[in-house]
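Structure assessment
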Amino acid sequence: MSATLLSAGVLLTDPHLDNLPVVPLPTLTARFARGLSDRVDLRLRYDSVAMFTHRFGFEVRTRLWSAGGWSLALGVAPSVQRYLLPYRGIFIGGDASTRVTALVTRRWSSLAVTLDVGPSVQWMVFGQSAGDTMVDSRPHLAYLDLGARLEWSRGQGRTTVLGLEFCVPLDRDDPLSFHGVLPRVSLGWSWSL
């Protein structure tokens, strides 16, 4: 079985750069999932924030347990990010990271609720602006992502998805990290074959 999900949303961010206010940024996500077996999926993912940042990656997700409408899954998702921000000229940067996620889902006939939690490890972070280059090549626990997703079936193979995510930065020593909590709301649609 295969499924495609397209979603758009808004990320609220307070980057603490020059005392800027909270800024709403549009987001776009595209995912393609392919079932490799009854319990294992391979998922390809693309994320963009305001078309300034682009993250590409994949996830291997396995269902560890399911009974009575409940299920528990674990996902491992390596990815790379590249961004180009108009800040004090042009700021170019990126990272290579891996996110490990635990997901609990409760399903009914046409409705499902999923809660997930997962830390992200950044293996390398880099940035360049006005000729200055910063590279952080130490692996470190960078973020904790918390999410809730509501899915409802609109017929055979069609689903609407409403999501709320919170990204909590964990490494206060990372000079390229945002501060505070970054909430994101998204609405999307998926199609299954």
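Look up a bit, the structure's there.
Just so it is clear, the structure is predicted and the values come from calculations on it, not from any experiment.

Here we look at the overall build of the protein chain
Each helix and strand counted, the protein chain has zero helices and eleven strands in total. Starting at the N terminus and walking to the C terminus, you meet the elements of the protein chain as β-β-β-β-β-β-β-β-β-β-β. Over its C-alpha trace the protein chain gives a radius of gyration of 18 Å, about what one expects of a compact globule, namely 16 Å for 193 residues. Counting only C-alpha atoms and orienting by the principal axes, one finds that the protein chain spans roughly 55 × 30 × 25 Å. Relative to its 193 residues, the protein chain shows a buried fraction of 35%.

Describing the packing of aromatic side chains
Applying the stated rule across the entire model yields one aromatic pair. On the numbers, 5.0 Å between centres and 40° between planes, the contact of Tyr 46 with Phe 56 is tilted. Pair noted here: Tyr 46 is in strand S3 (residues 40-49) and Phe 56 is in strand S4 (residues 53-67), with a separation of ten residues, a long-range link. Take Tyr 46: its relative accessible area is 19%, and that puts it in the buried class.

Description of the layout of surface pockets
The volume enclosed by the second largest pocket comes to roughly 1,200 Å³. Lining the second largest pocket we find 45 residues, and of these Met 1, Asp 41, Arg 43, Arg 107 and Glu 151 sit closest to its centre. Its residues assigned to classes, the lining of the second largest pocket comprises 14 nonpolar, 19 polar and twelve charged.

A short note on the pattern of salt bridges
In the structure shown here, the tally under the stated rule is ten salt bridges. Note that Arg 99 and Asp 145 form a salt bridge whose closest N and O atoms lie 3.5 Å from each other. Taken together, the residues span a long stretch of sequence, with Arg 99 in strand S6 (residues 91-107) and Asp 145 in strand S9 (residues 140-153) at a distance of 46 residues. When its relative accessible area of 14% is taken as the criterion, Asp 145 is described as buried. One network of salt bridges, with partners in common, ties together Arg 45, Asp 47 and Arg 184.

Comments concerning unusual backbone geometry
A positive phi angle is found at Ala 50, which is not glycine, with a value near 55°. Looking at the secondary structure, you find Ala 50 in the loop between S3 and S4. Backbone geometry places Met 51, a non-glycine residue, at a positive phi of 60°.

Here's the deal with the side chain of Ser 190
Among the secondary structure elements, Ser 190 is positioned in strand S11 (residues 182-192). The class of Ser 190 is buried, set by a relative accessible area of 12%.

Focus on the pairing of S4
Moving residue by residue along a regular strand, the side chains alternate between the two faces of the sheet. Where S3 lies against S4, ten bridges are found, and the strand directions are antiparallel. Within S4, the residue paired with Ser 48 across the bridge is His 54. What sits between the antiparallel neighbours S3 and S4 is a turn of three residues, in which Ala 50 has the positive phi angle 55°. Count of turn residues in the S4/strand S5 (residues 70-85) antiparallel hairpin: two residues, of which Gly 68 carries a positive phi of about 55°.

Procedures and definitions
- Residues numbered from 1 in each chain as written.
- Predicted model: local features only at pLDDT ≥ 70, side-chain atom pairs only at ≥ 80, totals over all residues.
- Heavy atoms only, no water.
- Helix = DSSP H or I, 4+ residues; strand = E, 2+ residues; numbered from the N terminus.
- Rg over C-alpha atoms; globule rule 2.2 N^0.38 Å.
- Buried < 20%, exposed > 50% of the residue type's maximum accessible area, 1.4 Å probe, protein only.
- Phe/Tyr/Trp six-rings, centres within 6.5 Å; stacked < 30°, edge-to-face > 60°.
- 1 Å grid on protein atoms, 1.4 Å probe; cavity = no way out; pocket = protein on both sides within 12 Å on 5 of 7 lines; lining within 4 Å.
- Points joined across faces, edges and corners; volume = space filled by probe spheres on them.
- Nonpolar A, V, L, I, M, F, W, Y, C, P; charged D, E, K, R; others polar.
- Salt bridge = Lys/Arg side-chain N within 4 Å of Asp/Glu carboxyl O.
- Pairing = 2+ DSSP bridges.

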